[in-house]
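Fold and geometry: a report
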Amino acid sequence: MRFPTLERQQQSRRRWLFIGAGLVLGGVLAAGGLSVLAGQTEQLKLQTQRVQNQLAESKRAAQTRQQQQMHLQLVGQQLRQLTHLKSQQEAWVEMQSSLLDVIPGQGVLLQRLQVEAGRIDLQGQAAHVPAMSLVAQMLAERWGTSLHLQSLETGGAATGASAFSFAWQGQWSALDLGPGPSRKGQP
């Protein structure tokens, strides 16, 4: 015997049973897939965080290196300036020593000394020309540069003295003070 209504009901039940089973199976598969995707997403987040941390560390290291490089450049510049100042100071000491060693006792009186851009100008008086020439020669030998006579004048009757006034000029690169105001001094 066949009962069509019963068969339809059984078919409908089976259909609903398959649909339910399919929904349950689909839900389980979807949950499993979401679980796998969530795990992979978490791993990607961790990898992204590690890469961002490494990038931040690299940036900090680059900034530190840049700061160190700027500091080293500043120190190098200061060292060059100090070395230049030291050589200038040594040149000034040599000049002073030479003037103190050579001029006294020679009958020469130095009245003016001017150094400007590596050029040295000396003005003074001498009792006689040979003493003046000897002092110029001795200073030129000590300084390693020649002194050129710029002017020579006699005291004459107006001053009542028989002294000679002179002016020498020479180049001395060790005393090159660079740009800026000239340095003047009198011994």
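None of these values were measured; they are calculated from a predicted model.

Each value, and the rule that gives it
Residues numbered from 1 in each chain as written. Predicted model: local features only at pLDDT ≥ 70, side-chain atom pairs only at ≥ 80, totals over all residues. Heavy atoms only, no water. Helix = DSSP H or I, 4+ residues; strand = E, 2+ residues; numbered from the N terminus. Expected span 1.5 Å × (residues − 1). Buried < 20%, exposed > 50% of the residue type's maximum accessible area, 1.4 Å probe, protein only. Contact = heavy atoms within 4.5 Å. Pairing = 2+ DSSP bridges. Arc of directions from axis to C-beta.

Quick word on helix α1 (residues 4–102)
Taking 1.5 Å as the rise per residue, α1 with 99 residues should run 147 Å; its terminal C-alpha atoms sit 142 Å apart, in good agreement. Taken together, the buried positions of α1 are Gly76, Gln88, Ala91, Met95, Ser98, Leu99 and Val102. Summarising the contacts, the buried residues of α1 are in contact with β1 (108–116), β2 (119–126) and α2 (129–143).

Let's talk about the pairing of strand β4 (residues 164–171)
The pairing of β2 with β4 spans eight bridges and is antiparallel. The residue of β4 that forms the bridge with Ile120 is Gly170. Across six bridges, the pairing between strand β3 (residues 148–154) and β4 is antiparallel. Following the sheet pairing, His148 is matched in β4 by Gln169.

Side note on α2
The first and last C-alpha atoms of α2 sit 21 Å apart over 15 residues, in line with the 21 Å expected at 1.5 Å per residue. Among the residues of α2, Ala131, Met132, Val135, Ala136, Leu139, Ala140 and Trp143 are the ones counted as buried. Along α2, the residues classed as buried sweep out an arc of 165° about the axis, all on the same side. Away from the buried face of α2 by more than 90 degrees, exposed residues Pro130 and Glu141 are located. Lining the buried residues of α2 we find α1, β1, β2, β3 and β4.

Read these as spatial facts, not as claims about activity.
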